[in-house]
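# Chains, contacts and geometry: an overview
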Amino acid sequence: MAGRWTRGRTTVLAHVQTWRPYTTSYPALLGLAGAAWAADAGVRRPAVAAGAAALGWLSGHYLGDWFDRGLDAIAKPQRPIPSGRLSADAALVGGVLCATASAVLVVAANWAVLPLFLIAMAGIVGYSRVFKKRGLSGNVSRGALTALAVVIGAMIARPAPPWSLLPVAAGLLLHDTASNLVGTVRDVDGDREGGYRSVPVRHGVRRAVRLALSLYAGGLALVASAAGWAPRDAAGQVALLVVAAGCGAAAFVPLLRSGPVIDARSALRAHEVLVAERLVLAAAVLAGARGVVTATVVLLPVLLFSLVTQKLMRAGHEFPPAPAPLFGKDPSA
Ligand SMILES: CC(C)=CCC/C(C)=C/CC/C(C)=C/COP(=O)(O)OP(=O)(O)O
């Protein structure tokens, strides 16, 4: 009985670790922001827009871990699949179920989203299976998925997205290309060992960081330019963008100050800051659509949840535990 309980607990924990709870509010905010930007008044179907994007994202994590199980066995053996706590089949089923649930929500709201949804799913598979190991195309395909999430959110609220969403989507594409690139700086040793030709593996971490910063600045500039068409609160959008830029500086400055070698812990810290920063960025879009007060009320609890869960779970998910010291053991035994 106790054994079954422990096994059940281990399995649930393995699923929760696969979801990376510190990231799940982000796609929900993206879907919500897209729906708010597109709706003429109020937000139509906010829960559907947030839920469909979050489920699409979860399917991305399940499928990504399924495709990456060979690489993770080398670099991150503590993760749910290589450690044996989650079977590869269960991850695949989890990915398919989340994708199906997301499809049902999307199609029930607006069947015309279906082609974009299929492109997003193909993008998730393409990112994990093909592009991630090829360098910049992997980072760009990951950025494109974020742009699609916000457009799909908009189409859940109204039949076709407004043109004013274009600079927002383009800005988010550049932004997430940049943050994904920073993520590869953390993984450079494992990627090299696993044969992944990421930008830092091919060109070094300094060039990767400089490229990421240029993309990041371009992304923020595009989202700022969209404030000119903000449905409700351009000043609120810009105010939250300034906060996001401050967080971005906190992520990039230590990386830029590092020498030619950036250790994985410092790179992880920068990415952790960007995981929080992108919530502020998505909230800036929501502020432009529905006002800075509404956006802040939505942002604060999800930001707190992300920060707390990141503190509790992130390092253990990214780094194998240090080998236990051999206290009390006779080395000659
Ligand atoms: C409706 C619908 C289908 C929406 C799609 C939503 C979306 C943006 C999915 C992306 C999922 C994904 C592969 C995340 C992994 O990023 P990562 O952990 O490799 O990288 P990161 O550090 O850049 O987040």
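Residues numbered from 1 in each chain as written. Predicted model: local features only at pLDDT ≥ 70, side-chain atom pairs only at ≥ 80, totals over all residues. Heavy atoms only, no water.

- The name an unreviewed UniProt entry assigns to the protein is UbiA family prenyltransferase, from the organism Streptomyces griseoaurantiacus.
- On record in UniProt, under Subcellular location (unreviewed entry), the comment for the protein is "Membrane". (UniProt positions renumbered as here; feature names shortened; annotations may be inferred.)

### A closer look at the packing of aromatic side chains
- One pass over the full model with this rule turns up three aromatic pairs.
- Judged by centre distance (6.0 Å) and plane angle (85 degrees), the ring pair of Y26 and W57 falls under edge-to-face. Within this pair, whereas Y26 is found in helix α2 (residues 21-38), its partner W57 is found in helix α3 (residues 46-67), the two being separated by 31 residues in sequence.
- Between W66 and F67 the ring centres are 5.1 Å apart and the planes differ by 75 degrees, which places this aromatic pair in the edge-to-face class.
- Between R69 and the ring centre of W66, over which it is positioned, the NZ or CZ distance is 4.4 Å. (Phe/Tyr/Trp six-rings, centres within 6.5 Å; stacked < 30°, edge-to-face > 60°. Helix = DSSP H or I, 4+ residues; strand = E, 2+ residues; numbered from the N terminus. Lys NZ or Arg CZ within 6 Å of the ring centre and 35° of its normal.)

### A look at the site of the ligand
- Of all residues adjacent to the ligand, which total 14 residues, the nearest are Y127, R142, N180, H271 and R278.
- Within the side chain of N180, one N or O atom sits 3.0 Å away from an oxygen atom of the ligand.
- The side chain of H271 places a nitrogen or oxygen atom 2.9 Å from an oxygen atom of the ligand.
- When contributions to the shell around the ligand are tallied by element, the ones reaching two or more residues are α3, α6 (114-131), α7 (136-157) and α13 (264-290).
- Here the shell around the ligand takes four residues from α3, the largest share from any one element.
- Taken together, the residues that form the shell around the ligand break down as six nonpolar, six polar and two charged. (Near = heavy atom within 4 Å. Polar contact = N/O pair within 3.5 Å; in protein donor to acceptor, adjacent residues only side chain to side chain. Nonpolar A, V, L, I, M, F, W, Y, C, P; charged D, E, K, R; others polar.)

### Topic: the confidence of the model for the protein
- For the protein, per-residue confidence averages 93 on the pLDDT scale, and 95% of positions sit at 70 or higher.
- Under a pLDDT of 50 for its full length, residues 327-333 has, in the predicted model, zero contacts with residues more than four places off or in other chains.
- Quick note on the complex model: pTM equals 0.94, ipTM equals 0.96. (pLDDT = per-residue confidence, 0-100. Contact = heavy atoms within 4.5 Å.)

### Describing the packing of helix α5 (residues 88-109) against α6
- Between α5 and α6, the least distance of the axes is 10 Å, while the angle of their chain directions is 160 degrees. When the axes of α5 and α6 are compared, the pair comes out roughly antiparallel. In this structure, α5 meets α6 at a crossing whose hand is right-handed. Across from A99, S102, A103, V106 and V107 in α5, the residues of α6 making contact are L114, F117 and M121.
- Residues of the contact of α5 with α6, tallied by class, amount to seven nonpolar, one polar and no charged. (Axes fitted to C-alpha atoms, helices over the stretch in contact; angles between N-to-C directions. Parallel < 35°, antiparallel > 145°, perpendicular 65-115°, else oblique. Left-handed = near helix turned anticlockwise from the far one by under 90°.)

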